[in-house]
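Now for the letters of each chain:
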Amino acid sequence: MYPDDAARKRGRPDAANGNDNVPSLKRSKEMESNQSGLGSELKPCSKFFSCFQHHFGHVLTSEEVDKLTKDKLKFKWEMHVKEMTMSKLVGTGQDLSMELNGDPFCGVNQKLYNHWQNLDCSSNSEDSCSSKRRLFFSLCNTYRDIMHCDKRPFYLKGKEDDSSIMDAYIMHALNHIYRIRENVLKNDAKLDKDENSKREDIHCGEFYLDQGFTRPKVMLLLPLASIAFRVVKRLVQLSSLSHKGNVAHMDRFSEEFGAGDVLGDDKNTDGNLESQKRAKPVDFQTLFGGNHNDHFMMGIKLTKRSIKLYSNFYSSDIIVASPLGLVTKIGETEFEKEKNIDYLSSIEVLIIDHADVITMQNWSHVNTVIEHLNHLPSTQHGTDVMRIKPWYLEGHARFYRQTIILGYLVTPEMNALFNRLCVNYEGKLKLISKHKGVLHKVLLQVRQAYERFEASSIIDTDDARLEYFSKKVFPKMKDSLEGGTLVFISSYFEFVRIRNFLKSQNASFCLLGEYTKQSDVSRSRLWFFEGKRKIMLYTERAHFYHRYKIRGIKNLIIYSLPERKEFYPEIVNMLEGSKNMSCSVLFSRFDLYRLERIVGTAAAKKMSSSDKTTFVFC
């Protein structure tokens, strides 16, 4: 597929011509110091100066590709970071402890760097906030895959952590786009000069390898339009082109992404909606108080003098989308052959923020999106084939893509995606955190009995959980005459299995799940409160999207622990008012992630490995 094998062996113009595509990671000091056309635009620093060049200039050998395809990389080193007292970084590849000691902003476009410095001075940002931003930017600047799923989201108290990390990945994305554009424009100018000079030995048989199949290079995957609104507004501020006259379609963007309210129109005369809104927890109001649309997709084009929102995807630099919005576009190509998603072929930086919120939507959409990235395009889209980087042509783009997964918590599904679909040749970084637990937030003097059931493997966990429930837990519920038993269930799959089981036992129960109609929700809550139904099934997703306050609970059974730790005390505290309240929690050793967030890391490890199977907290 490559036009000239001889040219390929020579690689590309030498470093003195300013091209970043140098194949070897081992560069001489002379080459690094001779980057004319780049050095004048960048803050000089030998350590970080070559991060961009090193990553995208290296051409993988067949042996390296085979290793990446077949071998599962193991995290072989760890590093403690002073900004993260309860966490540590683990990674594959070369240890980063020495690399992170320098100035993280070395190698950054000078105009961007100056703008960020001015913003820092004008905002009077706290030292801790700036420190976290610098740390995370330096991690992004390594171009390794990153999973950081212990950041405090903006809708909880202490949002500085979330803002710092958001700033860092936006800065990294902007710098990546600016570096690409500088390179392309510089090479365009050289080609024009060569053509105007009518040189017969035009670039001496070499090629300016500086492009992908299509223009979009960065993708931001976000769960809600309100979060996209927050991120894009900050992106505009950090781009140094934040003046309204330099941003096209900002009014349209504010109208479409900034509007909306989770509880609808508050102009209702009886004031019921307003009182409902006040009854919800503060974090719920903050997260869902804006536009909670989860179906959107938008292109952003950055030029030297302006930012264009809603640009055509093929002329965009950045694509901002929800998983559902992208999956819909992917689905359209299956039924309409004239449509394609080739604009996903050249994504080099993928950032998934608020991954924990996406898990409350449909995590399988994220898998689908990533599986459709970096494929060979179906048609040519105006790109000069002679300038496409060799690893694009060889179908190796996925090994160069940097994937950054950010969230409030980690789930097995996130881990599986990170291990299976993130195959960056540079390596991976992952944050491992210890947890204190949230048992102290349970305000009632309630006996919380944790019962461990045995499962031979993670695949058998669901069956083992249902069997334990049916044989050990349900008989006690069935014999109870008082009713008032709430069964809290984490996933919809488990919800369906328990529903079917209770039907087979002719049990008296009602449902409150994420797909339950509003009229049925009201009826179920009333029946349960009045004792007309003894059992209520309640899912985590229903609680996430509605935060219902269930009345009439006397006995609580947590069939599967919630992913979100703050839900545990909220649910247990609903027992308030019950005379003989009790709480039973089912868990297995495969629930360690959820368990440690609730009882604490040390206690969770003991509970998972102890000879005892019952543990009581009061």
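Each chain carries its own residue numbering, running from 1 in the direction its sequence is written. Two thresholds apply to this predicted model, a pLDDT of at least 70 for residue-level local features and 80 or more for giving and counting side-chain atom pairs, whereas whole-chain, interface and lining totals are computed over all residues. Heavy atoms throughout the structure, all of them, feed into the side-chain values; hydrogens and water do not.

Going by the annotation in an unreviewed UniProt entry, the name recorded for the chain is U3 small nucleolar RNA-associated protein 25, with Dendrobium chrysotoxum given as the source organism. UniProt positions are given in the numbering used here, feature names are shortened, and annotations may be inferred rather than shown by experiment. Checking UniProt for the chain, the heading Sequence similarities (unreviewed entry) contains the comment "Belongs to the UTP25 family." Entered under Subcellular location (unreviewed entry) in the UniProt record, the comment concerning the chain runs "Nucleus, Nucleolus".

Draft legend 1. How the structure looks around the pairing of strand 16 (residues 555–558). The buried label goes to any residue with under 20% of its type's maximum accessible area, the exposed label to any with over 50%, and the partly exposed label to all in between, with areas taken from a 1.4 Å probe on protein chains only. The helix count covers DSSP runs of H or I at least four residues long, the strand count covers runs of E at least two residues long, and both are numbered beginning at the N terminus. Neither face of strand 16 is exposed, since N555 and I557 on one face and L556 and I558 on the opposite face are all buried. Two strands pair if DSSP finds at least two bridges between them. Pairing of strand 13 (residues 485–489) with strand 16, which is carried by four bridges, proceeds in the parallel orientation. Counterpart to V487 in the pairing with strand 16 is I557. In terms of strand pairing, strand 16 meets strand 17 (residues 582–587) through four bridges, oriented parallel. Counterpart to I558 in the pairing with strand 17 is V585. Remark: the strand 16/helix 22 (residues 567–572)/strand 17 crossover connection has right-handed handedness. Seen with its strands pointing away from the viewer, a crossover is right-handed when the path leading from the first strand over the helix to the second is clockwise.

Draft legend 2. Structural context of the packing of helix 13 (residues 323–335) against helix 15 (residues 364–371). Under this scheme, a helix contributes an axis fitted over its contacting stretch, all axes are lines through C-alpha atoms, and angles between N-to-C directions fall in the 0 to 180 degree range. Remark: helix 13 packs on helix 15, axes separated minimally by 9 Å, with the N-to-C direction vectors making an angle of 55°. Here helix 13 is positioned oblique relative to helix 15, judged by the angle of their axes. The chirality of how helix 13 crosses helix 15 is left-handed. From helix 13, P323, L324, L326, V327 and I330 reach across to helix 15, where they touch H365, V366, T368 and V369. Residue classes follow a fixed rule: Ala, Val, Leu, Ile, Met, Phe, Trp, Tyr, Cys and Pro count as nonpolar, while Asp, Glu, Lys and Arg count as charged, and any other residue, Gly among them, counts as polar. A per-class count over the contact of helix 13 with helix 15 returns seven nonpolar, two polar and no charged. For this classification, under 35 degrees means roughly parallel, over 145 means roughly antiparallel, 65 to 115 means roughly perpendicular, and everything else is oblique. Note: crossing handedness is left-handed where the near helix turns anticlockwise from the far helix by less than a right angle, and right-handed where it turns clockwise. In this description, contact between two residues means that some pair of their heavy atoms is separated by no more than 4.5 Å.

Draft legend 3. The sheet that holds strand 17, seen in detail. The strand order across the open sheet formed by seven strands is 14-15-13-16-17-12-18, and the pairing between neighbours is mixed. The sheet is open, and its two edges are formed by strand 14 (509–512) and strand 18 (614–617), each paired on a single side. Taking the axes of each pair of neighbouring strands and ignoring which way they run, one obtains an average angle of 20° across the sheet.

Draft legend 4. Up close: the nonpolar core. Of all hydrophobic cores here, the largest spans 91 residues; its most connected members are F136, Y169 and L309. A total of 12 residues in this core trace back to one element, the largest contributor, which is helix 8 (residues 160–196). Residues in contact with F136, not counting those within four places in the same chain, are I146, H148, I165, A168, Y169, I404 and L406. What we call a nonpolar core is a set of buried Ala, Val, Leu, Ile, Met, Phe, Trp, Tyr and Cys residues that are connected through their side-chain atoms within 4.5 Å. Counting residues in each nonpolar core, the second largest holds 34 residues, with V442, M536, Y538 and V585 among its members.

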